[in-house]
Amino acid sequence: MMMKILKALPALIVLIFLLDLNADAQQTTHTNAIQALAFNPITNTVASGSHNEINIWNLDNHRLARALPDRTPYVLDLAFHPDGNSYAIASHRTIRLWDNSGRQIRNLVGHRGLVQVVRFSPDGSMLASASADRTIIFWNTETGEIIRQIDAHSANINAIEFSNDGTYLASGSSDRSLRIWDTSSGNEVRNFTGHDGCVNDIIWSKDDQTIFTASDDGRIFAWNSSNGNIINRSNSVGAQQKSLTITPDQNYLISGTQDGQIKIWTTNSLQELRTITAHQGEISNIIAVGNNKVVTSSHDRMVSAWDYETGQSLEPFAEQENDVRFVDVTSNGRFIASGNSDGSIIIYDALTREEVRTLTGHNDIIRVTIFNPENTQLASADESGRIFIWDVASGNRIHNLNGHSETVTTLAYSPDGTVLASGSTDNTVRLWNTRSGQSISVNRAHQHNINAVAFSPDGTMIATVSADMNATLWNAADMTRITTLNHDNYVNDGHFSPDGRYFVVGSFQDLYVWNVQTQRQEYTLTGHREWINTVRFSPDGNYLASGGSDFKIVVWDMNQRTIKHTFTEHTSYVNSISFFPDSNSLASGSHDQTLRIWDIGQGLGLHTLVVN
């Protein structure tokens, strides 16, 4: 057992062990505190949610399976439908139902306060939501209609959980009570009191005879669900108990505390067996997933896995060791720049494919790298919001552009290279003077994340693509709005055709082709099975390429409006693509840690560079 092992070790070794745990805790999997965690037993994955992020993790290897686009300002809770094909997101006053591809199915509006918790009934026919407005709403998952709404508690509702037979719903509140509701009538069946602090989490035993609760009073309670009597309570009182789960064999309860500890309890006596120092922040969620494994999420931005029998930390959840986030080719075809998840930028000779130099200085994941039109500068941006401008010839950093408060997602040079536009998850677009490094303007262009920004070929317009499902065209001189191109789905990227006639937007499976002059959508191109992450026109305008979460690159013949080639050699989602100046070859960067070069004329992969 972990505690017995620690007691037997010399003090110095114990200290080294605990320091090692803390070192692991620095390897964050989200850029913000994780509020939500949900298990999908059908696909053997867990989903974690935080501010503007939903990540799906493979439980077999603890690697990122996919990152789903999310246009909610804040993810407060997640729940998978029992069939595993869809999930519910709680955010502010809204519940959004999405399928596993990230496409929104339905939007549920009815609460007056923050929606804190969502849970599907065992048969999936109902969804229950609990809110800071102190109400619980039962929704018909097929129609999205409200079945009933009940005034449930006198304070914030922190937890709800259906019984395993779906007959009852238990709710826990900051009013210190646990209440049971009949799901068919909405009537209160029982009101349990006994905790001296907020009830934060609830779990039913498999036979529905016992309900376990975790509370801010530091205790775990076991209740008789039939009569409301307290069967047992934990003796030890420590940090606030924030989250709770039960192992599949029903032998153990596992709780997560405010100070980042995991506690293992026997279900029959609520005796504490061991404590594991797991996180550096509050454990927001804890799920037992079988094989003695428990998965935790925390405000320290980590998703972790533990063996609750031995107390050992398992392999940490992480993305690929160093995936390629963005690639760009100089307009003369001489260099390729690769922006990577380890914060490095590698510049390659395009002919020899040898590394020319590595640029270091970013301490976070690179989101975008882009050459200026003269090929003398390289601009780069990372998830911490920093933008650097580098001298390509020397590799020296010319400017640090500070201003964005959140992740910088996109950069674009004006055609004459004098202005750099940047877009961020702080919902703003900033314009910078590339010679002086000074800010020209700051514009709150959208109400949600800026996913892409692009200059028109003549430099008179700037297009922005946002998580609010809109692409907007702006006058580049003063950033006054020209028009908004509305979409019915999340949009990830956009690019002008070389003649400025079209603006193409990438969304779920589809490319929307807009006529800039008429401001009308002319046609749609469909060739992906999942989200399109990146889209680029060839310099001669004959081809359009798109890369997606389905690991594919699709090259379109824009004269025929047909697919010319589909490249499928990448083994993870394609993050970025860039054409060479001859329009006959293409570079791509992927989460599979490779940068690949393709021959469009022959439809073949030419070269593969593994980024280490």
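Residues numbered from 1 in each chain as written. Predicted model: local features only at pLDDT ≥ 70, side-chain atom pairs only at ≥ 80, totals over all residues. Heavy atoms only, no water.

## Observations concerning the overall build of the protein
Just so we agree on the cut-off: In DSSP terms, a helix is any run of H or I states spanning at least four residues, a strand is any run of E spanning at least two, and both are numbered starting from the N terminus. Atoms counted for the radius of gyration: C-alpha only. Globule rule: 2.2 Å times residue count to the power 0.38. Between buried and exposed lies partly exposed: a residue is buried under 20% and exposed over 50% of the maximum accessible area for its type, with that area taken using a 1.4 Å probe on protein chains only. The contact definition used throughout considers only heavy atoms, calling two residues in contact when any of these lie within 4.5 Å. Under the convention used here, a 1.4 Å probe and the Shrake-Rupley method define accessible areas, while residue burial counts only the protein chains that appear.
The secondary structure content of the protein amounts to two helices and 54 strands. Relative to a compact globule of 612 residues, whose C-alpha radius of gyration would be 25 Å, the protein shows 26 Å and is just as compact. With the C-alpha coordinates of the protein rotated into their principal frame, the extents come out at 75 × 60 × 45 Å. In the protein, which comprises 612 residues, the share counted as buried stands at 61%. The contacts of the protein with a sequence gap of at least 6 include a subset with a gap of at least 24, amounting to 40%. When the accessible surface of the protein is split by element, carbon and sulfur atoms take 43% of a total near 23,400 Å².

## Side note on the packing of aromatic side chains
We apply this condition: Centres within 6.5 Å are what make two rings of Phe, Tyr or Trp a pair, Trp counting through its six-membered ring; a difference in plane orientation under 30 degrees is then read as stacked, over 60 as edge-to-face, and the rest as tilted. Should the NZ of a Lys or the CZ of an Arg lie within 6 Å of a ring centre and within 35 degrees of the ring normal, that charge is described as sitting over the ring.
Applying the stated criterion across every chain, the model contains 10 aromatic pairs. Here Phe138 and Phe162 contribute two aromatic rings whose centre-to-centre distance is 6.5 Å and whose plane-to-plane angle is 70 degrees, an arrangement assigned as edge-to-face. Of the two residues, Phe138 sits in strand 11 (residues 135-140) while Phe162 sits in strand 13 (residues 157-162), which places them 24 residues apart along the sequence. Side by side, Phe138 and Phe162 carry an identical accessibility label, which is buried. Among the aromatic residues, those joined into a cluster by ring pairs are Phe80, Tyr87 and Trp98. If you follow Arg397 out to its NZ or CZ, it ends over the ring of Phe388, 3.9 Å from the centre.

## What about the confidence of the model for the protein?
Formally: Looking at any residue, its pLDDT shows the predictor's confidence there, from 0 to 100.
In this model, the protein carries a mean pLDDT of 89, and residues with pLDDT of at least 70 account for 93%. In the predicted structure, residues 1-26 sits below a pLDDT of 50 and forms 23 contacts with residues beyond four places in sequence or in another chain.

## Quick notes on the environment of Arg357
Convention followed: Polar contact is the term for a pair of N or O atoms within 3.5 Å; when the atoms are in protein, one must be able to donate a hydrogen and the other to accept it, and sequence-neighboring residues count only if both atoms are side-chain atoms.
Secondary-structure assignment places Arg357 in strand 31 (residues 355-359). Beyond its immediate stretch of four places on either side in the chain, Arg357 contacts Ile345, Ile346, Ile347, Val392, Ala393, Ser394 and Gly395. Within the structure, the side chain of Arg357 is placed 3.0 Å from the backbone oxygen of Ala393, a separation counted as a polar contact.

## Side note on the sheet that holds strand 13
Sheets are built from strands paired through backbone hydrogen bonds, the pairs being either parallel or antiparallel. Formally: Think of it this way: DSSP has to see at least two bridges between two strands before they count as a pair. Only C-alpha atoms enter the line fits that serve as axes; for helices the fit covers just the stretch in contact. Angles between N-to-C directions range over 0 to 180 degrees.
Pairing is antiparallel in the open sheet, where four strands are placed in the order 13-14-15-16. If you trace the sheet from one side to the other, it starts and ends with strand 13 and strand 16 (188-193), each paired once. Across this sheet, the average inter-strand angle for adjacent strands is 15 degrees, counted without regard to direction. By the bridge criterion, five bridges tie strand 14 (residues 168-173) to strand 15 (residues 177-182) in an arrangement that is antiparallel. Note that in strand 15 the partner of Ala170 across the bridge is Ile180.

## Overview of the environment of Ile220
By secondary structure assignment, the location of Ile220 is in strand 19 (residues 220-224). Apart from residues lying up to four places away in sequence, Ile220 is in contact with Thr213, Ala214, Asn232, Arg233, Ser234, Gln241, Leu244, Leu253, Ser255, Trp265 and Leu270.

## Topic: the sheet that holds strand 29 (residues 335-340)
Taken in spatial order, the four strands of this open sheet run 28-29-30-31, and their pairing is antiparallel. Every interior strand has two partners, whereas the edge strands, strand 28 (324-329) and strand 31, have only one. On average, adjacent strands in this sheet sit at an angle of 20 degrees to one another, irrespective of strand direction. Two strands pair when backbone bridges link them, and strand 30 (residues 345-349) and strand 31 are joined in this way by four bridges, in the antiparallel orientation. Bridging across to strand 31, Ile345 finds its partner in Leu359.

## Some details on the side chain of Ser424
Secondary-structure assignment places Ser424 in strand 37 (residues 419-424). A polar side-chain atom of Ser424 sits 3.4 Å from the main-chain carbonyl oxygen of Glu406. A polar atom in the side chain of Ser424 sits 3.0 Å from the backbone nitrogen of Asp426. Sequence-distant contacts of Ser424, defined by excluding residues within four places in its chain, comprise His404, Glu406, Thr407, Val408, Thr409, Asn449 and Ile450.

## A few points about the nonpolar core
We count it as follows: We call a set of buried residues a nonpolar core when its members are Ala, Val, Leu, Ile, Met, Phe, Trp, Tyr or Cys and they connect through side-chain atoms within 4.5 Å of each other.
Counting 15 residues, the largest nonpolar core has Val465, Ala471, Leu473, Phe496, Phe503, Val505 and Val516 as its most contacted members. Among the elements that make up this core, the one with the highest residue count is strand 41 (residues 461-466) (three residues). The contacts of Phe503, once residues within four sequence positions are left out, are Ala454, Ala463, Val465, Ala471, Leu485, Gly494, His495, Phe496, Tyr512, Val513, Trp514 and Val516.

## Section: unusual backbone geometry
With a phi close to 50 degrees, His92 is a non-glycine residue in the positive phi region. Within the secondary structure, His92 sits in the loop between strand 6 (86-91) and strand 7 (94-99). We classify His92 as partly exposed; its relative accessible area is 37%. The backbone of Asn291 sits at a positive phi, close to 55 degrees, despite the residue not being glycine.

## Some thoughts on the pattern of salt bridges
Under the convention used in this document: Just to be clear on terms, a salt bridge is a Lys or Arg side-chain nitrogen sitting within 4 Å of an Asp or Glu carboxyl oxygen.
Tallied over the entire structure, the rule returns 10 salt bridges. Here Glu188 makes a salt bridge to Arg179, at a shortest N to O gap of 3.6 Å. In this structure, Asp216 and Lys242 form a salt bridge, with 3.0 Å as the shortest nitrogen-oxygen distance. In this pair, Asp216 is assigned in the loop between strand 18 (210-215) and strand 19 and Lys242 in strand 21 (residues 241-246), connecting sequence segments 26 residues apart.

## Considering the pairing of strand 27 (residues 303-307)
Of all five residues making up strand 27, five are buried, and the element is well covered by its neighbours. As paired strands, strand 26 (residues 293-298) and strand 27 are joined by five bridges and run antiparallel to one another. Paired with Val295 across the bridge in strand 27 is Ala305. From the end of strand 26 to the start of strand 27, which pair antiparallel, there are four residues, and Arg301 there has a positive phi angle of about 80 degrees.

## Quick notes on the environment of Trp598
For Trp598, the location among the structural elements is in strand 53 (residues 594-599). Judged by relative accessible area, which is 1%, Trp598 ranks as buried. On a C-alpha basis, the gap between Trp598 and Phe580 in space is 9.9 Å, while along the polypeptide they are 18 residues apart. Of the polar contacts made by the side chain of Trp598, one reaches the side chain of Ser588; its length is 2.8 Å.

## Quick notes on the pairing of strand 51 (residues 574-579)
Of all six residues that make up strand 51, six are buried, and the element is covered over most of its length. For strand 51 and strand 52 (residues 585-590), the ladder comprises five bridges, and the chain directions are antiparallel. Its bridge partner lying in strand 52, Val574 is registered against Ser590. Here strand 51 folds back onto strand 52, and the loop between the two strands holds five residues, one of which, Ser583, carries a positive phi near 65 degrees.

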